[in-house]
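Working through the structure, step by step
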Amino acid sequence: MLLGEGRIALLREIDKHGSISKAAKAMDMSYKKAWRLVDEMNRNAKKPLVQQKIGGKGGGGTVLSQEGVNAIRIYTELQEKERAFLREQEIWLQNEL
């Protein structure tokens, strides 16, 4: 699976903290698991969702690529469409019963 609720949450935390390690800690997840999930997402996506930021004066870190930002946006839009569909189906069902 490329994306799911947990992976999107991890991407959001990486975006917030600028670090896989800090994102994992915020989610009470091991760094090893977080890194594995990021690696899987990057390998399975057409382009990497997460990129390493090379160190310098402010140090290195991890950032979302534009594809990573888009993945969060698209996933969120899909969830909203799903909720709207389910609301419509619930109304339909109530009218049918």
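In this text, all values refer to a predicted model and were calculated from it rather than measured experimentally.

With that settled, the discussion passes to the environment of Asn-42. If you trace the backbone, Asn-42 turns up in helix α3 (residues 31–44). Separated by 33 residues in the primary sequence, Asn-42 and Ala-9 have C-alpha atoms spaced 15 Å apart. Those residues in contact with Asn-42 that sit more than four places away from it in its chain are Pro-48, Leu-49 and Val-50.

Side chains that are nonpolar tend, in soluble globular proteins, to be buried together. Membership of the largest hydrophobic core comes to 19 residues, with the highest contact counts inside it found for Leu-10, Leu-11, Ile-14, Val-38, Leu-49 and Val-50. Looking at this core, the elements with two or more residues in it are α1 (5–17), α2 (20–26), α3 and α4 (66–96). Other than its neighbours up to four places away in sequence, Leu-10 contacts Ala-23, Met-27, Ala-34, Leu-37, Val-38 and Met-41.

Here we take up the environment of Gly-61. Locating Gly-61 in the fold gives a position in strand β2 (residues 61–64). Separated by 30 residues in sequence, Gly-61 and Tyr-31 have C-alpha atoms that sit 14 Å apart. Residues contacting Gly-61, with those up to four places away along its chain left out, are Gly-18, Gln-51, Gln-52 and Lys-53.

Before going further, it helps to spend a moment on the confidence of the model for the protein. For the protein, the mean per-residue pLDDT works out to 93, and 95% of the residues sit at or above 70. Per-element averaging of pLDDT across the protein places strand β1 (residues 50–53) at the bottom with 90 and α1 at the top with 97.

The rules we used
- Residues numbered from 1 in each chain as written.
- Predicted model: local features only at pLDDT ≥ 70, side-chain atom pairs only at ≥ 80, totals over all residues.
- Heavy atoms only, no water.
- Helix = DSSP H or I, 4+ residues; strand = E, 2+ residues; numbered from the N terminus.
- Contact = heavy atoms within 4.5 Å.
- Core = buried A, V, L, I, M, F, W, Y, C linked by side-chain atoms within 4.5 Å.
- Buried < 20%, exposed > 50% of the residue type's maximum accessible area, 1.4 Å probe, protein only.
- pLDDT = per-residue confidence, 0-100.

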